[in-house]
Amino acid sequence: MRDIPEQDRPESAGRAAGIITTFMLILCIAAVAVYSYCRSMGMTAGVQEIFRSLADSSADTVKEAEVLYTFGFDMRDKPVFALYKGDIVKCSKSGIFFLDRTGRIVRSESIEYSSPIVKTNGSRILVVDAGASDICVMDDDSVVWKDKTDAAILNADISDDGYVTVITSAKRDNNAVRVYESHGLELFRKIIANDFAVSACISPSGKNLVLSSISTGAVGPFSKYKFYDMEGNELSELSFSQTGELLPVFWFRNNDSIFAAGVSTAASIGPEGNVQWKEQFRSIAGAGLVGSGLLAVAAETDEGNVLNVYTAGGEKRASVKLQGRPAGLDSIKGVISVYTDDTVFFYDENGDVKGKYTAGEKISQVCIYDKKQAAVITEGEVTVVSFN
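Here's what I pulled together on the structure shown here. Note that the structure is predicted; figures quoted are calculated from it, not measured. (Residues numbered from 1 in each chain as written. Predicted model: local features only at pLDDT ≥ 70, side-chain atom pairs only at ≥ 80, totals over all residues. Heavy atoms only, no water.)

**What about the sheet that holds strand S25 (residues 316–321)?**
Item 1. The 4 strands lie next to each other as S22-S23-S24-S25, forming an open sheet whose pairing is antiparallel. Only two strands of the sheet have a single neighbouring strand rather than two, namely strand S22 (283–289) and S25. Direction aside, the axes of adjacent strands within the sheet are offset by 15° on average.
Item 2. Across 8 bridges, the pairing between strand S23 (residues 294–301) and strand S24 (residues 304–311) is antiparallel. The residue of S24 that forms the bridge with Ala299 is Val306. (Pairing = 2+ DSSP bridges. Helix = DSSP H or I, 4+ residues; strand = E, 2+ residues; numbered from the N terminus. Axes fitted to C-alpha atoms, helices over the stretch in contact; angles between N-to-C directions.)

Here is the structure:
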C-alpha cells in the first residue's frame with residue numbers, strides 16, 4: 001500500500017463538517033446581532049424586509065423545468081382541456097380532439113360543444129355542453145353512449161364505476177339531478193326545489209348520491225350537503241347555515257368520506273354527513289386530491305400564501321410558503337402544481353418543490369401527466385415541460 005505523506009492527506013469528513021458548522025454558527029450570531037441592533041434602533045420593519053427578501057430569494061434556486069414540446073391552438077374556439085390516458089383532450093365548438101404530447105391528433109370526434117364541461121374517471125371521459133342539452137361518454141376507442149336532456153345542463157360528473165350525474169335547470173323548480181348507470185340508462189331523477197345544486201356524484205362504493213347545493217338564510221348564502229341512496233331516498237343532510245360557509249366542491253375518498261372546499265374553507269365530511277374537521281383561510285385559490293387520503297389546498301392566510309397538504313384526519317402533512325399569490329392548483333397522486341399568473345411550481349405530497357416553469361404570460365390551466373411531466377396552458381399555446 002502506498003504511504004501518503006501527512007501533509008498530502010485529505011482533511012477528514014469530521015473536520016470538514018466542523019468547519020461548516022462553525023461557519024454557519026458565525027452567520028447565525030451575526031444575523032442575531034444585526035437583528036438586535038436594528039430592533040434597538042427602531043428598525044424592525046427594515047429587518048423584516050431583509051429576512052423576507054432572503055427567504056424569497058430561495059425561489060431563484062428552484063430548477064427551471066425543461067420545455068419538451070410546444071404547440072398552439074385557436075383561442076377563438078374557447079377550448080377546454082383535460083388529460084385522459086396520456087393524451088390531452090381538447091373540447092370546443094370545433095370538435096373533440098385527442099392530442100399526444102407533441103400536439104399530434106391521434107383521434108377526433110365530430111362532437112361540437114360551445115361550452116364544454118369535461119370530467120374523467122380514468123377509464124372513461126364525460127363531456128357535456130353547459131347551457132345546452134348534450135351528454136357524451138367515451139372510452140379510449142369510441143363513444144360509449146350519448147343522450148339529450150330536456151333542460152339546460154349546469155354541471156355533470158362521472159364516478160369511478162361510470163355512473164354519470166347531470167345537474168340541469170327545471171321548469172317549475174330550481175334544479176333537477178339525473179343519475180345514469182354506466183350504459184346510459186337513467187336510474188332516477190331528483191328535483192331540487194329550494195336550493196341551487198352545484199355538484200353531484202355517486203360514491204366509490206356505488207351506494208350513495210351526494211349532492212352539494214347553495215341555500216340562503218339569515219347569514220346569507222351557505223353550503224348544504226344531502227346524501228341519498230341509489231333509489232333517490234334522502235338519508236341525511238348537512239347544513240352550514242350557522243356559519244355561512246361556502247364549500248360546494250368535493251372529492252370522494254375510498255371510504256365514501258369526502259374532502260370539500262370553497263371560497264375560504266376546506267373540510268372533511270364523513271359518509272353519514274358529519275363534519276370531521278375544517279379549516280378556514282382568507283381565501284382559497286385551488287384545491288385537489290393528492291391521492292385518496294390527501295387534500296392539497298393553495299390559500300391566502302394572515303401569514304401569507306401557503307400550500308397545505310392535509311391527511312384524512314386533518315393533520316398537516318406539509319405546509320409550504322408560496323412564492324407569489326396563487327391563481328390555481330392542479331394535482332394527481334403524488335404531485336401538486338400551484339401557479340401564479342405566469343409561473344407554475346411543482347411539489348410532491350410532502351411539500352418538497354421539484355421544479356418550476358416560468359411561462360412569461362398568463363397561465364390558464366395546468367394538466368399533470370405524471371410525476372415528471374405536465375402541460376402548461378396559456379393563451380393560444382400548450383407547453384409540455386419536464387420538471388423532475
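**Regarding the pairing of strand S32 (residues 381–386)**
Item 1. Of all 6 residues in S32, 5 are buried; the element is thus mostly enclosed.
Item 2. Here strand S1 (residues 66–72) pairs with S32 via 6 bridges, running antiparallel. Across the sheet, Glu66 pairs through a bridge with Ser386, a residue of S32.
Item 3. Summarising the sheet, strand S31 (residues 373–378) and S32 pair through 6 bridges and their orientation is antiparallel. The partner of Val376 across the bridge, within S32, is Thr383. (Buried < 20%, exposed > 50% of the residue type's maximum accessible area, 1.4 Å probe, protein only.)

**Overview of the environment of Arg325**
Item 1. Turning to its location among the elements, Arg325 is positioned in the loop between S25 and strand S26 (328–332).
Item 2. A relative accessible area of 60% means that Arg325 is categorised as exposed.
Item 3. Residues Arg325 and Ala285, 40 residues apart in the sequence, show an inter-C-alpha distance of 8.7 Å.
Item 4. In this structure Arg325 touches Glu300, Asn305 and Thr340, once residues within four positions along its chain are discounted. (Contact = heavy atoms within 4.5 Å.)

**Considering the environment of Val263**
Item 1. Here Val263 is to be found in the loop between strand S19 (258–261) and strand S20 (265–269).
Item 2. Among all residues touching Val263, those that are not within four sequence positions of it are Leu246, Ser283 and Ile284.

**Quick notes on the pairing of strand S6 (residues 116–120)**
Item 1. Pairing geometry for S6 and strand S7 (residues 125–129), over 5 bridges, is antiparallel. Across the sheet, the residue bridging to Ile117 is Val128, located in S7.
Item 2. Here S6 hands over to S7 after 4 residues, with Gly122 in that stretch at a positive phi of 100°.

**With respect to unusual backbone geometry**
Item 1. With phi around 50°, Lys78 is a residue other than glycine that occupies positive phi space.
Item 2. Mapped onto the elements of the fold, Lys78 is located in the loop between S1 and strand S2 (80–84).
Item 3. Here Lys78 falls in the exposed class, since its relative accessible area comes to 64%.
Item 4. Non-glycine residue Lys85 carries a positive phi angle of around 50°.
Item 5. You can see Lys85 is positioned in the loop between S2 and strand S3 (87–92).
Item 6. Note on Lys85: relative accessible area 48%, which makes it partly exposed.

**A look at the sheet that holds strand S15 (residues 208–217)**
Item 1. Pairing is antiparallel in the open sheet, where 4 strands are placed in the order S14-S15-S16-S17. Edge strands, defined here as strands with exactly one partner in the open sheet, are strand S14 (196–202) and strand S17 (234–239). Across the sheet, the mean angle from the axis of one strand to that of its neighbour is 20°, orientation sign disregarded.
Item 2. Bridge count between strand S16 (residues 220–229) and S17: 5 bridges; the pairing is antiparallel. Looking across to S17, one finds that Tyr228 is bridged to Glu234.

**Quick notes on the side chain of Ser133**
Item 1. Note on placement: Ser133 falls in the loop between S7 and strand S8 (134–138).
Item 2. The exposure class of Ser133 is buried, given its relative accessible area of 19%.
Item 3. Aside from chain neighbours lying at most four places away, what touches Ser133 is Asp147, Lys148, Thr149, Ala151 and Ile153.

**A short note on the pattern of salt bridges**
Item 1. Following the criterion strictly, the structure yields 20 salt bridges and no others.
Item 2. Between Arg325 and Glu300 there is a salt bridge; the shortest N-O distance is 3.6 Å. Separated by 25 residues along the polypeptide, Arg325 in the loop between S25 and S26 and Glu300 in strand S23 bring together distant segments of the chain.
Item 3. In this structure, a network of salt bridges that share partners links the residues Asp195, Lys224, Lys226, Glu234 and Glu237. (Salt bridge = Lys/Arg side-chain N within 4 Å of Asp/Glu carboxyl O.)

Everything listed is a geometric property; what it means functionally is a separate question.
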